[in-house]
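Listed below are the residues making up each chain.
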Amino acid sequence: YKVPHVMQEPETLRTIRMPFFILVQHKAFEKFIMVVIVLNVGVISLGHWNSGENYEFPSQVLNLCFTIIFALEMFLKIIGLSLKQYLQSKWNQFDFLIVLLSFVDLQLPGEEEGILNEFLKVPINMSLFRVLRVARIAKLIKSSVGLKALMITMVKSLPAIANVGSLRGLLIFI
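What counts and how
- Residues numbered from 1 in each chain as written.
- Predicted model: local features only at pLDDT ≥ 70, side-chain atom pairs only at ≥ 80, totals over all residues.
- Heavy atoms only, no water.
- Helix = DSSP H or I, 4+ residues; strand = E, 2+ residues; numbered from the N terminus.
- Buried < 20%, exposed > 50% of the residue type's maximum accessible area, 1.4 Å probe, protein only.
- Contact = heavy atoms within 4.5 Å.
- Core = buried A, V, L, I, M, F, W, Y, C linked by side-chain atoms within 4.5 Å.
- Phe/Tyr/Trp six-rings, centres within 6.5 Å; stacked < 30°, edge-to-face > 60°.
- Axes fitted to C-alpha atoms, helices over the stretch in contact; angles between N-to-C directions.
- Parallel < 35°, antiparallel > 145°, perpendicular 65-115°, else oblique.
- Left-handed = near helix turned anticlockwise from the far one by under 90°.
- Expected span 1.5 Å × (residues − 1).
- Nonpolar A, V, L, I, M, F, W, Y, C, P; charged D, E, K, R; others polar.

1. Let's talk about the side chain of Asn40
Mapped onto the secondary structure, Asn40 falls in helix α2 (residues 27-45). In this structure Asn40 comes out as buried when scored by relative accessible area, which is 2%. If we ignore the near neighbours within four places in the chain, the residues touching Asn40 are Phe66, Phe70 and Arg133.

2. What about the nonpolar core?
Nonpolar side chains tend to gather and get buried jointly when the protein is soluble and globular. In terms of nonpolar packing, the biggest core is built from 17 residues, with Phe29, Ile37, Phe66, Phe70, Met74, Tyr86 and Val99 touching the most fellow members. Of all the secondary-structure elements, those providing two or more residues to this core are α2 and α3 (53-81). Looking at this core, the element that brings in the most residues is α3, giving seven residues. In this structure, Phe70 is in contact with Val36, Ile37, Asn40, Val99, Arg133 and Arg136, ignoring residues within four places of it in sequence.

3. Considerations on the packing of aromatic side chains
Tallied over the entire structure, the rule returns one aromatic pair. Between the aromatic rings of Trp91 and Phe94, the centroid separation amounts to 6.5 Å while the plane-to-plane angle is 80°, which identifies the pairing as edge-to-face. Of this pair, Trp91 and Phe94 both sit in helix α5 (residues 90-107), three residues apart, which is roughly one turn of that helix.

4. Let's talk about the packing of helix α1 (residues 11-25) against α3
Where α1 contacts α3, the axes come no closer than 7 Å and their chain directions differ by 125°. It follows from the interaxial angle that α1 and α3 lie oblique. Here the hand of the crossing between α1 and α3 comes out left-handed. Only Leu76, Lys77, Ile79, Gly80 and Leu81 of α3 make contact with α1, whose side of the interface consists of Arg17, Phe20, Phe21, Leu23, Val24 and Gln25.

5. Description of α3
Its 29 residues place the ends of α3 41 Å apart at the C-alpha level, agreeing with the 42 Å of an ideal helix rising 1.5 Å per residue. Just past α3, the residue Ser82 takes up positive phi, approximately 80°.

6. Some thoughts on the environment of Met74
If you trace the backbone, Met74 turns up in helix α3. Look at Met74 and you get buried, because its relative accessible area is 4%. With residues up to four places along the chain from it excluded, the contact list for Met74 reads Tyr86, Phe96 and Val99.

7. Looking at the packing of α3 against α5
It is the contact of α3 with α5, at a shortest axis distance of 10 Å, that shows an interaxial angle of 140°. The orientation of α3 with respect to α5, classified from their angle, is oblique. In this structure, α3 crosses over α5, and the sense of that crossing is left-handed. For the pair α3 and α5, the contacting residues are Asn63, Leu64, Thr67, Phe70, Ala71, Glu73, Met74, Lys77 and Leu81 in the first and Asn92, Asp95, Phe96, Val99, Ser102, Phe103, Asp105 and Leu106 in the second. Split into classes, the residues belonging to the contact of α3 with α5 amount to nine nonpolar, four polar and four charged.

Next comes the structure, spelled out in structure tokens:
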């Protein structure tokens, strides 16, 4: 049996990548990203219909800041882990998609705003992609034992909730 040739990374590339790897694997980096995710969800939740110019401009600036931070996180992880290893994780694939959609959101800011929207005639409000960032809050479940236990309990109780809901539906329609 022949062992296939395994290509090793050159030593110079490894020495360049090592500080980035140490940074992205550090607990403080992970906690910083979690805080940014919570702040991002908070800013997104403050939005409301007809919010006016006093909210829209700061919201756009914060959206740009969050997009830059998340893109920086993605690039640091790609440098530190390599693209192949980065894309092996489902969370990283999800983050990659969110960052790409955030760049689309920056290019096509609203229903009728922006030069590209006039050209492409996008029928939906592209800022809805920002709402996908809220799903990043699920990363908090991974890092917290209490939240993980709560989520497991909720998932296990879903069949019972469906049963109760169907019984209520029967009572309403009878």
